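Each chain is listed here by its residues.
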Amino acid sequence: MSLLEAQPYVGHHCESTSLVNLLRQHEIDLSESLVFGLGRGLSFTYWRTKQMPTPFLGGRIRPDRLTAHLTEALGLRLTVRETSSERRAREQLLRELDSGTVVGLKLDRYDLDYSTDDYRFAAHYVACVGYEDDRFALVETRPLGLKWASGASLARARGARGPMSSRNLSFTIAPPQGPLPDLGEVARRSVRATAEGFLNPPISNLGFKGMHKAADIMPGWIDDLESPEEALVEISTIMEEGGTGGGFFRTLWADFLAETAELTGAGEYHDLSDAYRVVSRKWTRVAELLREAGTTMDRAPVERASKLMHELADEEHRLMRRLSDPA
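Structure report, in brief. (Residues numbered from 1 in each chain as written. Predicted model: local features only at pLDDT ≥ 70, side-chain atom pairs only at ≥ 80, totals over all residues. Heavy atoms only, no water.)

Remarks on the overall build of the protein
Phase 1 of the analysis: Scanning the protein from terminus to terminus reveals 12 helices and eight strands.
Phase 2 of the analysis: The C-alpha atoms of the protein give a radius of gyration of 20 Å, which matches the 20 Å a tight globule of 327 residues would have.
Phase 3 of the analysis: Overall, the protein is about 55 × 50 × 30 Å in size when its C-alpha atoms are taken along their principal axes.
Phase 4 of the analysis: Looking at the protein as a whole, 54% of its 327 residues are labelled buried.
Phase 5 of the analysis: Looking at the protein alone, contacts between residues at least 24 apart form 69% of all its contacts between residues at least 6 apart.
Phase 6 of the analysis: On the protein, roughly 14200 Å² of surface is accessible, and the fraction owed to carbon and sulfur atoms is 47%. (Helix = DSSP H or I, 4+ residues; strand = E, 2+ residues; numbered from the N terminus. Rg over C-alpha atoms; globule rule 2.2 N^0.38 Å. Buried < 20%, exposed > 50% of the residue type's maximum accessible area, 1.4 Å probe, protein only. Contact = heavy atoms within 4.5 Å. Areas by Shrake-Rupley, 256 points an atom, 1.4 Å probe, with all protein chains shown as cover.)

Take a look at the structure:
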C-alpha cells in the first residue's frame, strides 16, 4: 500500500508536492521550496489562443520541466511513461503500486469525483500512493490532502485533453547510484539557470518580456474577453490560490533563496529572499485588483494591475540580474 501507512506531505504546488512525496519514499527529505528551486520552477508565462476563452498567466516554467530539472540536478533516475491506451495506463499504474512504488500522475482534477473545480487545467499533478479495490489514494495540495478517487474518474482525468495535457503521463523516481551531490552547489547552479531563463526567454510571452506583454494587453480585457466578469476572477484565483503558494510562486522562491543562503553561507541570497517577499506581496495585489475588476466590471482596477505588473517586470529583471551573478 506504499505511503498509505505513512503521513504524506501536503504542500502548496502540485508538481513540487508530488516530487516531495516521491523523494521521501527513498529517504530523500527535501523541503518543497528547495524542490521547487532546484527544479528551476520560477518564471512567467502569458498564453492565449483563439480556442482559449480566458488568457493564461503562469508564474512557473512549463509543465514537466520542474521534474526533469530536479532529477537531473540531483542525479536521480526518472522514468516517464505515456500512453494513449487507458487500459495500458491502468495496468502500468497498478504494477508500480503493487511493487510498493509511489507514482506521479499528470491529469485534470476537474474530472476526479471529489473535485469542486469549476475550470479545466490538464497539467495538474498528484502522487498516487496506493489503491483499494477500484479506489486510488491521491495526494493533493492544501487544503485537500489525501483523497480517494474512483478508477473511472481517474481514467477520465488522466486522459483529459487540452492545453499542456499529456496522454496518461506517469512518472517514478529512483535514487542515484551514489550519494546526492552537494546541495549548496546545486542550488547555486539552479539559481543562475533560473535567472538566465527569465532574462533571456526564447519568445516574448515568457520571462520579464512576457510580463510586459501581458501588462500591455491587460487593460483591454474588460472589452475583449467574452465573459470578463468570470475570466478575471478565474485568473485571479489561479494566480493566488491555484497551487502557487501565494504571491504567484514568489513566496516559494523567496523561501528557496533563504535556504540557499543557509546552504552556501552567502548573505546575498538572504537579501534577495527578502526582496522577493516584497515582490510576492505585490503579485498578490495584482490578483486582488483583477478580482475586483471582475466583480465590479470597473476598468480602473485592471489599469492599476497593468501598471503594477510593468513595475514588477522591471523589479524582477533587476533582481534576476543580481541572481545571475551573485556576490
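Concerning unusual backbone geometry
Phase 1 of the analysis: Residue arginine 142 is joined to proline 143 through a cis peptide bond whose omega torsion reads 5°.
Phase 2 of the analysis: Take proline 143: it is sitting in the loop between β6 (135-139) and β7 (146-150).
Phase 3 of the analysis: Of note in this structure, aspartate 133 is not a glycine but carries a positive phi near 55°.
Phase 4 of the analysis: Note on placement: aspartate 133 falls in the loop between β5 (124-132) and β6.
Phase 5 of the analysis: Judged by relative accessible area, aspartate 133 falls into the exposed class, the value being 69%.

Notes on the sheet that holds β5
Phase 1 of the analysis: The antiparallel open sheet is built from six strands, whose spatial order is β3-β8-β4-β5-β6-β7. Looking at which strands have only one partner, the edges of the open sheet turn out to be β3 (77-81) and β7. For this sheet, the mean inter-axis angle between neighbouring strands, taken without regard to orientation, is 35°.
Phase 2 of the analysis: By the bridge criterion, five bridges tie strand β4 (residues 103-107) to β5 in an arrangement that is antiparallel. Bridge pairing in β5 places lysine 106 opposite tyrosine 125. (Pairing = 2+ DSSP bridges. Axes fitted to C-alpha atoms, helices over the stretch in contact; angles between N-to-C directions.)

Digging into a negative patch on the surface
Phase 1 of the analysis: Side chains of Asp118, Glu226, Glu229 and Glu230 sit close together on the surface and give a patch of like negative charge.
Phase 2 of the analysis: If you trace the backbone, glutamate 226 turns up in the loop between α8 (221-224) and α9 (228-241).
Phase 3 of the analysis: Judged by its relative accessible area of 71%, glutamate 226 is exposed. (Patch = residues over 30% accessible without salt bridge, like charges linked within 9 Å, V, L, I, M, F, W, Y side chains within 5 Å. Salt bridge = Lys/Arg side-chain N within 4 Å of Asp/Glu carboxyl O. Lys, Arg positive; Asp, Glu negative; His and termini not counted. Charge placed at Lys NZ, Arg CZ, Asp CG, Glu CD.)

Regarding the side chain of arginine 60
Phase 1 of the analysis: Its place among the elements puts arginine 60 in strand β2 (residues 56-60).
Phase 2 of the analysis: Polar side-chain contacts of arginine 60 include one of 3.1 Å to the backbone oxygen of arginine 62.
Phase 3 of the analysis: In this structure, arginine 60 is in contact with His13, Glu15, Phe36, Gly41, Leu42, Ser43, Thr45, Leu66 and Phe249, ignoring residues within four places of it in sequence. (Polar contact = N/O pair within 3.5 Å; in protein donor to acceptor, adjacent residues only side chain to side chain.)

Regarding the packing of aromatic side chains
Phase 1 of the analysis: Evaluation of the coordinates by the stated rule reveals nine aromatic pairs.
Phase 2 of the analysis: Between the aromatic rings of phenylalanine 248 and tryptophan 283, the centroid separation amounts to 4.7 Å while the plane-to-plane angle is 40°, which identifies the pairing as tilted. Of this pair, phenylalanine 248 sits in the loop between α9 and α10 (250-264) while tryptophan 283 sits in helix α11 (residues 267-296), placing them 35 residues apart in sequence.
Phase 3 of the analysis: On the accessibility criterion, tryptophan 283 (0% relative accessible area) is buried. (Phe/Tyr/Trp six-rings, centres within 6.5 Å; stacked < 30°, edge-to-face > 60°.)

Considerations on the pairing of β4
In the case of a regular strand, side chains alternate between the two sheet surfaces.
Phase 1 of the analysis: The buried fraction of β4 amounts to five of the five residues, a majority that puts the element mostly inside the structure.
Phase 2 of the analysis: Burial along β4 is two-sided: the face carrying Val103, Leu105 and Leu107 and the face carrying Gly104 and Lys106 are both buried.
Phase 3 of the analysis: Here β4 runs beside strand β8 (residues 170-174); their pairing, made up of two bridges, is antiparallel. Across the sheet, glycine 104 pairs through a bridge with phenylalanine 171, a residue of β8.

Re the environment of glycine 100
Phase 1 of the analysis: Along the chain, the position of glycine 100 falls in the loop between α4 (86-98) and β4.
Phase 2 of the analysis: When the C-alpha positions of glycine 100 and valine 129 are compared, they lie 8.5 Å apart, and in sequence the two are 29 residues distant.

Side note on the nonpolar core
Phase 1 of the analysis: Grouped together as the largest cluster of nonpolar side chains are 77 residues, with contacts concentrated most on Phe44, Leu57, Tyr276, Trp283, Met309 and Leu323.
Phase 2 of the analysis: The biggest single contributor to this core is α11, with 11 residues. (Core = buried A, V, L, I, M, F, W, Y, C linked by side-chain atoms within 4.5 Å.)

A word on the pairing of β7
Phase 1 of the analysis: Bridge count between β6 and β7: five bridges; the pairing is antiparallel. The residue of β7 that forms the bridge with alanine 137 is tryptophan 148.
Phase 2 of the analysis: Between β6 and the antiparallel strand that follows it, β7, lie six residues; glycine 145 among them carries a positive phi value of about 70°.

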